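What follows is the residue order along each chain.
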Protein chains: 2
Amino acid sequence: MSQNGSHAITRRAPHVVIVGGGFGGVAAAQALKNAPVRVTLVDRTNYHLFQPLLYQVATGVLEPGTITTPIRSLFRSQRNVDVLMAEVTGVDKDRRLVEMTGRQPIPYDYLILATGVQGSYFGHDEWAPLAPSMKTLADAEFLRRRIIGALEQADQETDPQLREQFMTFVLVGAGPTGCELAGELAQHFHRVPAEYRHIDPRQARIILVEAGPRALATFSEELARGAVNKLRSLGVDVRLGKAVELVDEEGVVIAGERVRSRTVLWTAGVSASPAGRWLGVETDRAGRAVVGPDLSITDHPEIFVVGDTAHIQNNGKLLPGVAQVALQSGKHAAHTIRARVLRQPAPGAFSYFDKGNMATISMGYAIMEKDKLKMAGPLGKTGWAFIHVLYLGRAEGQLMLCMQWLFGAMFGKLSSRYIDTPAFESTVRSSAPVAGVRPAADQPAS
Amino acid sequence: MSQNGSHAITRRAPHVVIVGGGFGGVAAAQALKNAPVRVTLVDRTNYHLFQPLLYQVATGVLEPGTITTPIRSLFRSQRNVDVLMAEVTGVDKDRRLVEMTGRQPIPYDYLILATGVQGSYFGHDEWAPLAPSMKTLADAEFLRRRIIGALEQADQETDPQLREQFMTFVLVGAGPTGCELAGELAQHFHRVPAEYRHIDPRQARIILVEAGPRALATFSEELARGAVNKLRSLGVDVRLGKAVELVDEEGVVIAGERVRSRTVLWTAGVSASPAGRWLGVETDRAGRAVVGPDLSITDHPEIFVVGDTAHIQNNGKLLPGVAQVALQSGKHAAHTIRARVLRQPAPGAFSYFDKGNMATISMGYAIMEKDKLKMAGPLGKTGWAFIHVLYLGRAEGQLMLCMQWLFGAMFGKLSSRYIDTPAFESTVRSSAPVAGVRPAADQPAS
């Protein structure tokens, strides 16, 4: 067991293991601050990621350090939390053990799984290396290399057809991430034209494809329409009700039409992390573990699943995979555990308080919605920015965030555009071909 | 040829190819601003790196974006410069071509090579994967993962002997980089103790080994002694006149004594980039190309080598590999080219103006030296910080730098401590064993 040494006082206290240092896991650990328990928070990285701004790392507006906080530093003064950097591989429910790569399993008395989601390709996992998704920091840095690398390659390319392929960006999925990334890309290309001698980045094509009948399905129709209009005014080619039928080394096929592109980004679907599989419980189509009203799983009141890796029903509706659900459900699981340890009445069923929904489109345009209240445009953007700065936490992180936004807005200066790869070979992770040596064969759409 | 399209006016102007976007290459390109030439600046990355602060990326004080600037953005308004991201592999002096990976060679009328240096292991290249050096941004980020990963591993380790190995850091070479990194490490370990539950980072051992009789050989004895005393007061174990005889998976052997360490960092020697080899000219022991008084090579007045990849004699002394030499020599080569193109008298022999020498040891201690003027302590540190902020350039970069220093100093907050590797396997680049499965065999020193 890893708890050797320094915890004499609490050594016999119940041990709560939390897997995942995202919004849900961190909120749970913080909510156990004054509970008489030992907490071990396990994550495969050493940092908490402020996911809502991840797309701005992909375009070089923000530095990775601005939206990451070492998990340890969050619990500097909360002495009942031990942070462990390790990769969890499974759960032994009967022996109450969390299994990890290269380490002894850790025993728990209570377990909270807050392991999040990953990109889903709807049964086409072979598209993953061709159309990367954006869930982790490494993903976002990879996208940055792809996007900035594509402009570098376009500037060098003398064949007009190949150049056009490097200047074509396809985003699959018009949810909040797709719309935000499309808007951010359009702005990026307008910030940097003077730097290139052989291309005009403003002429880059950005195609945003959505299989469903409309963009931003979690927002009201009115706001979604406004957002699409705004994207179109920025030059984004928004195609609704069109499915991407194929992703290959040539680009994509959209509703029968071949679109050649060197940069296809996947912002469409997500599937839950394997937590449901570890537990052997019922999961929904997206792999989310079905939980009871108090967020514990069937027959195991000591195991909780929170955030977007859980299928949580609230007033008969499935809760969306947003930060607020993770925060609130993580906190709820922690409160339930604390009550049980203290032999107090448990808080009972989880009830979600919807603080509203928002997405940003451009420098001066965001949409916000809370029940009947709807906001769009500069006012929405102000609210969006304010709330993001507020929730980022850490005074110095907030200041850095504001400054990086300010520099981007005022001077078009972007914080982090460094890329190391010389010839773009290594910007493609696996099976995709080396840029520049690809044959220009014309394959029929499947 | 890559110059298609937009340069109608200057298409017949002489073509100057500059290889390397460091201090020398950028200074040369900038000095050609008003010359009637076309310039192509080639670098394998897309950024200019402010090398003097690189060691602060290795300890997480600074973000990579703070000390990198996209090369393109430096030449946004200098229209005679074309920036090309490519890997140069050789020079054809007779046909006047620069050869590159995966591209057609580029013809030149004038060539400036400013390709810098790399770590040198004095004939022991097999030590490179075991004891990484720090010349590139990727190196510094790799060191960050090593250093922060070692503390993570130490905190998890239950075997006291293994834990001690993770808590032992060996730096080979007490030049400016070694001393600066040792001081920075000592400070880092004093900033973060409250975050760990099973170790006290203040008890980490930092051993700085120097084979020569004294540290900081480019400084006066008095200043070097002061710096060593300061390092010792910070707890650094400075060992002068002791050679590292072996680096292996167990650690190092220092003058016959086996020291077990999981983190050995190489700050000892450098060797020049292969520019001398490309040109087939005489090189010195460190591989630097020997150049004439005007920095051109024998029989090829159109080829210049500048910065620390050149062996430059000044008043009978070899110039050191510092930023000022690169800046001034790059500028001199550019002025010579401009004079020749304009058929004006050439500036003649390069003469170095020594602006002084400096190194920082800790938050409040740096040494500076200019001829008879010597400074150490807080005043030296103030001067050091001022000069580094000044030379970093870019208003927003300067502000970010000041803020990151301020947060580090005031709150012990470090900007970029994110590491992604779960079990430290991938923190070792090549042949070194996986942490935790290494046999504890006791090998005799060779």
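Residues numbered from 1 in each chain as written. Chains lettered and ligands numbered in written order. Predicted model: local features only at pLDDT ≥ 70, side-chain atom pairs only at ≥ 80, totals over all residues. Heavy atoms only, no water.

Two side chains with opposite charge may pair up if their charged atoms get near one another. Considering all chains together, one arrives at 38 salt bridges over all chains under this definition. With a closest N to O distance of 3.8 Å, A:Lys374 and A:Glu369 form a salt bridge. Its relative accessible area of 11% is what places A:Glu369 among the buried residues. Here the salt bridges share partners, and the residues they tie into one network are A:Arg72, B:Glu152 and B:Asp155. (Salt bridge = Lys/Arg side-chain N within 4 Å of Asp/Glu carboxyl O. Buried < 20%, exposed > 50% of the residue type's maximum accessible area, 1.4 Å probe, protein only.)

Moving on, we come to the packing of helix 4 (residues 137-156) of chain B against helix 6 (residues 176-191) of chain B. Residues and elements named next belong to chain B. As a packed pair, helix 4 and helix 6 sit with axes 13 Å apart at the nearest point and diverge in direction by 35 degrees. In terms of crossing hand, the pair formed by helix 4 and helix 6 is right-handed. Residues Leu143, Ile147 and Leu151 of helix 4 touch helix 6, and the partners they reach there are Leu181, Leu185, His188 and Phe189. A per-class count over the contact of helix 4 with helix 6 returns six nonpolar, one polar and no charged. (Axes fitted to C-alpha atoms, helices over the stretch in contact; angles between N-to-C directions. Helix = DSSP H or I, 4+ residues; strand = E, 2+ residues; numbered from the N terminus. Left-handed = near helix turned anticlockwise from the far one by under 90°. Contact = heavy atoms within 4.5 Å. Nonpolar A, V, L, I, M, F, W, Y, C, P; charged D, E, K, R; others polar.)

The next subject is the environment of B:Val252. Residues and elements named next belong to chain B. Note on placement: valine 252 falls in strand 15 (residues 251-254). The buried category is assigned to valine 252, whose relative accessible area is 0%. Remark: the alpha-carbon pair of valine 252 and valine 172, spanning 80 residues in sequence, is separated by 9.7 Å. Dropping the residues within four chain positions of it, valine 252 is found in contact with Val170, Val244, Leu246, Val247, Glu257, Arg258, Val259 and Val264.

On to the nonpolar core. If you look at the biggest cluster of nonpolar residues, it comprises 122 residues, and the most contacted ones within it are A:Leu208, A:Leu216, A:Trp405, B:Leu208, B:Leu216 and B:Trp405. In this structure B:Trp405 touches B:Leu53, B:Gln56, B:Val61, B:Leu62, B:Trp384, B:Ala385, B:His388 and B:Val389, once residues within four positions along its chain are discounted. Formed by 53 residues, the second largest nonpolar core is a distinct cluster that contains B:Ala29, B:Phe75, B:Ala275 and B:Val325. (Core = buried A, V, L, I, M, F, W, Y, C linked by side-chain atoms within 4.5 Å.)

Before going further, it helps to examine the pairing of strand 9 (residues 110-113) of chain A. For a regular strand, side-chain orientation follows a simple rule: the groups alternate between the two sheet faces. All names here are of chain A. Here strand 9 shows two buried faces, one formed by Tyr110 and Ile112 and the other by Leu111 and Leu113. Both strand 9 and strand 21 (residues 300-305) contribute to a ladder of three bridges, which runs parallel. Residue pairing across strands places leucine 111 opposite isoleucine 303, the latter belonging to strand 21. (Pairing = 2+ DSSP bridges.)

The next thing to look at is the state of the cysteines. Within the structure shown, the criterion is met by zero disulfides over all chains. With no disulfide of its own, A:Cys402 lies 18 Å from the sulfur of B:Cys402, the closest cysteine sulfur. Overall, the relative accessible area of 35% leaves A:Cys402 in the partly exposed class. (Disulfide = S-S within 2.5 Å.)

Another point: the packing of helix 1 (residues 23-31) of chain B against helix 9 (residues 323-341) of chain B. All names here are of chain B. For the pair helix 1 and helix 9, interaxial distance at closest approach is 7 Å and the crossing angle is 35 degrees. Taken as a pair, helix 1 and helix 9 cross one another with a handedness that is right-handed. Here Phe23, Gly24, Ala27, Ala28 and Ala31 of helix 1 lie close against helix 9, whose contacting residues are Ala323, Ala326, Leu327, Gly330, Lys331, Ala334, His335 and Arg338. Split into classes, the residues belonging to the contact of helix 1 with helix 9 amount to eight nonpolar, three polar and two charged.

Here we take up the sheet that holds strand 9 of chain A. Residues and elements named next belong to chain A. With respect to topology, six strands assemble into an open sheet ordered 5-2-1-9-21-20, the strand pairing being mixed. Strand pairing shows two members of the sheet lacking a second neighbour, strand 5 (81-85) and strand 20 (296-297), which therefore form its edges. Two strands pair when backbone bridges link them, and strand 2 (residues 38-43) and strand 5 are joined in this way by five bridges, in the parallel orientation. When the sheet's bridge partners are listed, valine 42 is paired in strand 5 with leucine 84.

What follows covers the confidence of the model for chain A. All names here are of chain A. Averaged over every residue, the pLDDT of chain A is 87; the share at 70 or more is 90%. Counted against residues more than four places away or in other chains, residues 1-9, with its pLDDT under 50, gives 20 contacts. Segment residues 422-446: pLDDT under 50, and 48 contacts once partners within four positions in sequence are set aside and those in other chains are kept. The ipTM, which scores confidence in the relative placement of chains, is 0.86 for this predicted complex, and the corresponding pTM is 0.88. (pLDDT = per-residue confidence, 0-100.)

A word on unusual backbone geometry. Non-glycine residue A:Asn315 carries a positive phi angle of around 50 degrees. Tracing the backbone shows A:Asn315 in the loop between strand 23 (313-314) and strand 24 (317-318). Overall, A:Asn315 belongs to the exposed group, its relative accessible area being 78%. The residue B:Arg96 is not glycine, and still its phi comes out positive at about 55 degrees. Tracing the backbone shows B:Arg96 in the loop between strand 6 (88-92) and strand 7 (97-100).

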